Amino acid sequence: MIKEFRTLSGKKYPFPIFFPDATQAVVKTLDSIDVANSMTPGVLVNTYHLFRELGQAPIKKFGGVRTFMNWNGAVISDSGGFQVMSIIKSGSGKGKVNDVGITLYTSKKKKILLTPEKSIEFQIKLKTDLIVVLDDFTPPTASFDEAKDTVERTLKWAKRCRSTYDKFYTLGEGPYLIGVVQGGKYQDLRKYCVQQLVEIGFDGLGYGGWPITESGDFDYTSAETIAACAPENYLLYGLGVGKPDEIVKLYKMGFQIFDCVLPTRDARHERLYVYEADNINNINLNQEKFYKFYVPSKQKNYLLDEPVSSACDCLLCKNYSKAYLAHLFRINEISAMRLASIHNLRFYSILMEKLRENK
RNA sequence: GCUGAGGUGGCGGAGCGGCCAAUCGCACCAGACUGUAAAUCUGGCGCCCGGACGGGCUACCUAGGUUCGAAUCCUAGCCUCAGCA
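Residues numbered from 1 in each chain as written. Chains lettered and ligands numbered in written order. Predicted model: local features only at pLDDT ≥ 70, side-chain atom pairs only at ≥ 80, totals over all residues.

Identification of chain A as tRNA-guanine(15) transglycosylase-like domain-containing protein from Candidatus Woesebacteria bacterium GW2011_GWA1_39_21 is taken from an unreviewed UniProt entry.

Colleague: Mind showing me how you'd approach the packing of helix H9 (residues 220–229) against helix H10 (residues 244–253) here?
Modeller: When two helices pack together, their arrangement is given by the angle between their axes and by how far apart the axes lie. Running from N to C, H9 and H10 point in directions that differ by 25°, and their axes come no closer than 10 Å. Here H9 lies roughly parallel to H10, going by the angle between them. In terms of crossing hand, the pair formed by H9 and H10 is right-handed. Here Tyr220, Ala223, Glu224 and Ala227 of H9 come into contact with H10, specifically with Lys249, Leu250 and Met253. (Axes fitted to C-alpha atoms, helices over the stretch in contact; angles between N-to-C directions. Helix = DSSP H or I, 4+ residues; strand = E, 2+ residues; numbered from the N terminus. Parallel < 35°, antiparallel > 145°, perpendicular 65-115°, else oblique. Left-handed = near helix turned anticlockwise from the far one by under 90°. Contact = placed C-beta atoms within 7 Å.)

Colleague: Could you clarify how one ought to interpret the pairing of strand S8 (residues 111–114) in this entry?
Modeller: Walk down a regular strand and you will see the side chains alternate between the two sheet faces. Alignment of strand S7 (residues 101–105) against S8, held across four bridges, turns out to be antiparallel. Residue pairing across strands places Leu104 opposite Ile112, the latter belonging to S8. Count of turn residues in the S7/S8 antiparallel hairpin: five residues. (Pairing = 2+ DSSP bridges.)

Colleague: Just checking my understanding: could you explain the environment of Lys108 for this structure?
Modeller: Among the secondary structure elements, Lys108 is positioned in the loop between S7 and S8. Here Lys108 falls in the exposed class, since 7 other C-beta atoms lie within 10 Å of it. Through-space distance from the C-alpha of Lys108 to that of Lys94 is 9.8 Å; in sequence the pair is 14 residues apart. (Buried ≥ 20, exposed ≤ 12 C-beta atoms within 10 Å, placed from the backbone.)

Colleague: Honestly, H9 in this entry has me stumped. Any pointers?
Modeller: In an α-helix there are 3.6 residues to a turn, and that puts residues three or four apart on one side. For H9, every residue scored as buried is listed here: Ser222, Ala223, Thr225 and Ile226. The arc that holds the buried residues of H9, viewed along the axis, is 160°, so those residues lie on one side. Contacts from the buried residues of H9 go to strand S10 (176–181), helix H8 (187–200), strand S11 (204–207), strand S12 (235–238) and H10. (Arc of directions from axis to C-beta.)

Colleague: Got a minute to help me understand unusual backbone geometry in this structure?
Modeller: Trans is the common state for peptide bonds, and a negative phi is the common state for residues other than glycine. The omega torsion of the bond from Phe15 to Pro16 falls at -5°, within 30 degrees of zero and hence cis. Summarising the element assignment, Pro16 is placed in the loop between strand S2 (12–14) and strand S3 (17–20). Looking along the chain, the bond that leaves Val241 and enters Gly242 is cis, with omega of 0°. Take Gly242: it is sitting in the loop between S12 and H10. Positioned with a positive phi, Thr29 is a non-glycine residue whose angle comes to about 70°. Mapped onto the elements of the fold, Thr29 is located in the loop between S3 and helix H1 (32–37).

Colleague: Can you help me understand helix H6 (residues 116–126) in this one?
Modeller: Among the residues making up H6, those that are buried are Pro116, Ser119, Ile120, Phe122, Gln123, Ile124 and Leu126. Count one or two residues on from H6 and you reach Lys127, which has phi positive near 60°.

Colleague: Looking at this model, I keep getting lost on the domain arrangement of chain A. Mind explaining?
Modeller: Frequently, the measure chosen for interface size is the accessible area removed from exposure when the parts meet. Partitioning chain A into structural domains gives domain 1 (4–260) and domain 2 (267–358). Computed from C-alpha coordinates alone, the two centres of domain 1 and domain 2 are separated by 29 Å. In this assembly, 19 residues from domain 1 lie in contact with 19 residues from domain 2. When contributions to the side of domain 1 that touches domain 2 are tallied by element, the ones reaching two or more residues are S3, H1 and H10. For the side of domain 1 that touches domain 2, the element with the most residues is H10, which contributes four residues. Each residue belonging to the side of domain 1 that touches domain 2 can be placed in one class, and the counts come to 13 nonpolar, four polar and two charged. (Domains from an automatic or database assignment. Nonpolar A, V, L, I, M, F, W, Y, C, P; charged D, E, K, R; others polar.)

Colleague: I tried to follow the environment of Arg338 on my own but got confused; where do I start?
Modeller: Mapped onto the elements of the fold, Arg338 is located in helix H14 (residues 334–358). Separated by 70 residues in the primary sequence, Arg338 and Arg268 have C-alpha atoms spaced 7.9 Å apart. The residues contacting Arg338, other than those within four sequence positions of it, are Thr29, Leu30 and Asp34.

Colleague: What exactly am I supposed to notice about the nonpolar core here?
Modeller: What tends to happen in soluble globular proteins is that the nonpolar side chains get buried as a cluster. Core analysis: the biggest nonpolar cluster contains 102 residues, and Val43, Val45, Ile178, Leu205 and Tyr237 have the highest contact counts within it. Top element by residues in this core is H14. It accounts for twelve residues. Looking at which domains feed residues into this core, each of domain 1 (4–260) and domain 2 (267–358) supplies at least three. For Ile178, the residues in contact, after removing those within four places along its chain, are Leu130, Val132, Val133, Phe202, Asp203, Gly204, Leu205, Gly206, Leu235 and Tyr237. (Core = buried A, V, L, I, M, F, W, Y, C linked by C-beta atoms within 7 Å.)

Colleague: In this structure, what is going on with the packing of H6 against helix H7 (residues 144–168)? I would like to understand it.
Modeller: At a minimum axis separation of 8 Å, H6 and H7 run at an interaxial angle of 40°. When the axes of H6 and H7 are compared, the pair comes out oblique. As for the relative orientation of H6 and H7, their crossing is right-handed in sense. Listed contacts from H7 to Pro116, Glu117, Ile120, Glu121 and Ile124 of H6 are Trp157, Arg160, Cys161, Thr164, Tyr165 and Phe168. Taken together, the residues that form the contact of H6 with H7 break down as seven nonpolar, one polar and three charged.

Colleague: Help me understand the sheet that holds strand S6 (residues 95–98), please; the structure alone is not making it clear to me.
Modeller: The pairing of strands in a sheet comes from backbone hydrogen bonds and takes either a parallel or an antiparallel form. Across the sheet, which stays open at both edges, the three strands sit in the order S6-S7-S8 with antiparallel pairing between neighbours. Lying at the two open borders of the sheet, with one neighbouring strand each, are S6 and S8. Averaged over all neighbouring strand pairs, the angle between strand axes comes to 10°, with direction disregarded. In terms of strand pairing, S6 meets S7 through four bridges, oriented antiparallel. Among the inter-strand pairings, Gly95 is bridged to a residue of S7, identified as Leu104.

Right, here's the structure in full:
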């Protein structure tokens, strides 16, 4: 059983660990110092976005994304596999997927081809502490046969990813290499995918695909299948997971690594997370509902001279009133989103602390 | 005082005889957001019939009038703004 996350430079962070998404090497509205001050141990960057917007030259010049963004904590990278869904399969953008890789058209004349090999090579150049194989996303509406196709392609690509990784590192000595489990709601496919990935060999497995069922509930069944089938010494990573209560449940199943856009996106959209407790010590994750949402710019908050949460020690809660934050949001001031993002990140870092205390 | 422009729902601002309870924006209310093409998106927003549908009522400065029918046309009044005295 692995107890902590280690970085390439040898730093260690206890599990569970949550990585907010700094997709383009920045957590939106924050800088690296802000993120560090929210007690966030690491961030996630995205291969596709950096490949497209930044390119290789700055990464080479700075010797990796960490030094580029002056971040001292952990960094993990995603492969670009999720963009298969968010851009291509959702129908909102143009691109295609075939055995070669993923092609995304960024304009009428420009396109990007992301292959398993390219994805791994680029992630290795980013010098991130954990890298993820390129995978073929199983759409939530996929039939069994369609889901099986995505699993087979994911496995083929996983094999190529592993081969590419082996050119640079020996497994277990370099950055963590994570295989992604696809298969949608079909548990036999999930199980098969896990077994085949383990056959290839990885440091851990990611819970891939869209984890929300058609009725809007979190798909815990697939998470359980993955956790049950994975070897003891494997890391388990909930890709894009999730809401605080979902993380709590997956952690109990054995998942240790999480990343999600929710805390930062919600902050920008005026949804702040608040523990149902009067101070940090009294936070109880075993409560039925251990947190609630706070929407700052409601008219009823305009005059409130109190912190957003008394169970928080973030920059916002220690220094500013609800009334002031409401004002900042109302005038659409960037500081509002910054303070809210810092607050939500601190909520998540407290969540990790409490989970560690719980076990 | 004269001349010109204008008075529309919380605000700004369309409409200029029926399809108008009235486009749109802001504000307000509610909801969504899960490996970030997301500081975004969706719905509501005169009152009442519990909600939708449907219906009723009161409304476009005030008072009259024309008309089958008026926020829209006419008359008078009140008020605002601009220019000139």
